[in-house]
Amino acid sequence: QEQLVESGGGLVHDGGSLTLSCVASAAINDIGDMAWYRQVSGKQRQLVASITRGGSANYADFVKDRFTISRDNGKNTMYLQMNKLKPEDAAVYYCNARVFDLESMSTKYYWGQGTQVTVSS
């Protein structure tokens, strides 16, 4: 079954840290770019950070110098280390993976089910 599974969300105090993980099932091959998004109820999903297969990362301004994205291609896993968390970081965090299918010459997008991050002030 092709799926992404996130874990690591939870409740932390203002200034605390959490590490999210996203594991892609073995059925998903040749993953290209991966990314973390977040969404607050009633608002649009927003990009938090992305990482290429080679490890080049980009961050949204609101998480720069606080969050670190990484991945282990051998384990089909991506991480998001979140430090100095703020109440405004509270959201459901989603994992995203892209696979370019050579047969159809199109990109397939995969999403996880989301993991809740809550930051108390």
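Structural data are supplied above this passage.
Per chain, residues are indexed from 1 in the order of the written sequence. Per-residue local features of the predicted model are confined to residues with pLDDT of at least 70, and side-chain atom pairs are confined, for both listing and counting, to 80 or more; whole-chain, interface and lining totals are unaffected and use all residues. Computation of side-chain values: all heavy atoms of the structure, hydrogens and water removed.

Draft legend 1. Structural context of the sheet that holds strand 3 (residues 18-24). One requirement defines pairing of two strands: DSSP has to find at least two bridges between them. Helix and strand definitions here come from DSSP, where helices need a minimum of 4 consecutive H or I residues and strands a minimum of 2 consecutive E residues; each element is numbered from the N-terminal end. Judged by pairing direction, the sheet is antiparallel, and its four strands sit side by side in the order 1-3-8-7 without closing on themselves. Of all the strands in the sheet, the pair left with one neighbour each is strand 1 (4-7) and strand 7 (67-72). Taken pair by pair, the neighbouring strands of this sheet meet at an average axis angle of 15°, ignoring direction. In terms of strand pairing, strand 3 meets strand 8 (residues 77-82) through six bridges, oriented antiparallel. Bridge pairing in strand 8 places Ser 21 opposite Tyr 79. Helix axes use the C-alpha atoms of the stretch in contact, all axes being lines fitted to C-alpha atoms, and the angles between their N-to-C directions lie in the range 0 to 180 degrees.

Draft legend 2. Structural context of the state of the cysteines. By convention in this document, the label disulfide applies to cysteine sulfur atom pairs within 2.5 Å. Going through the model one piece at a time under the given rule, you end up with one disulfide. Disulfide pairing is shown between Cys 22 and Cys 95; the S-S distance is 1.8 Å. Judged by the sign of its S-S torsion, about -60°, the cystine formed by Cys 22 and Cys 95 is left-handed. With a gap of 73 residues between them, Cys 22 in strand 3 and Cys 95 in strand 9 (residues 91-101) connect regions that are remote in the sequence.

Draft legend 3. A nonpolar patch on the surface, seen in detail. For patches, a residue must show more than 30% relative accessible area and have no salt bridge; joins then use 9 Å for like charges and 5 Å for nonpolar side chains, namely Val, Leu, Ile, Met, Phe, Trp and Tyr. Residue burial considers only the protein chains on display, and all accessible areas are found by Shrake-Rupley using a 1.4 Å probe. In what follows, salt bridge is the name for a side-chain nitrogen of Lys or Arg lying within 4 Å of a carboxyl oxygen of Asp or Glu. Together, Phe 100, Leu 102 and Met 105 make up an exposed nonpolar region whose accessible area comes to about 360 Å². By the secondary structure assignment, Met 105 is in the loop between strand 9 and strand 10 (106-111).

Draft legend 4. Inspection of unusual backbone geometry at higher detail. Positive phi, close to 55°, is recorded for Asp 30, a residue that is not glycine. With respect to the helices and strands, Asp 30 occurs in the loop between strand 3 and strand 4 (31-39). Overall, Asp 30 belongs to the exposed group, its relative accessible area being 64%. Its identity as a non-glycine residue notwithstanding, Met 105 has a phi of 55°, on the positive side. For each residue, the accessible area found with a 1.4 Å probe, counting protein chains only, is set against the maximum for its type, and the residue is called buried under 20%, exposed over 50%, and partly exposed in between. Accessibility expressed as a relative area gives 56% for Met 105, which makes it exposed.

Draft legend 5. Quick look at the pattern of salt bridges. What the rule picks out here adds up to four salt bridges. A salt bridge links Lys 108 to Glu 2, with the shortest nitrogen-to-oxygen separation between them at 3.1 Å. In this pair, Lys 108 sits in strand 10 while Glu 2 sits in the segment before strand 1, placing the two residues 106 residues apart along the sequence. With relative accessibility at 40%, the residue Lys 108 sits in the partly exposed group.

Remember, this is a structural readout, not a statement about activity or role.
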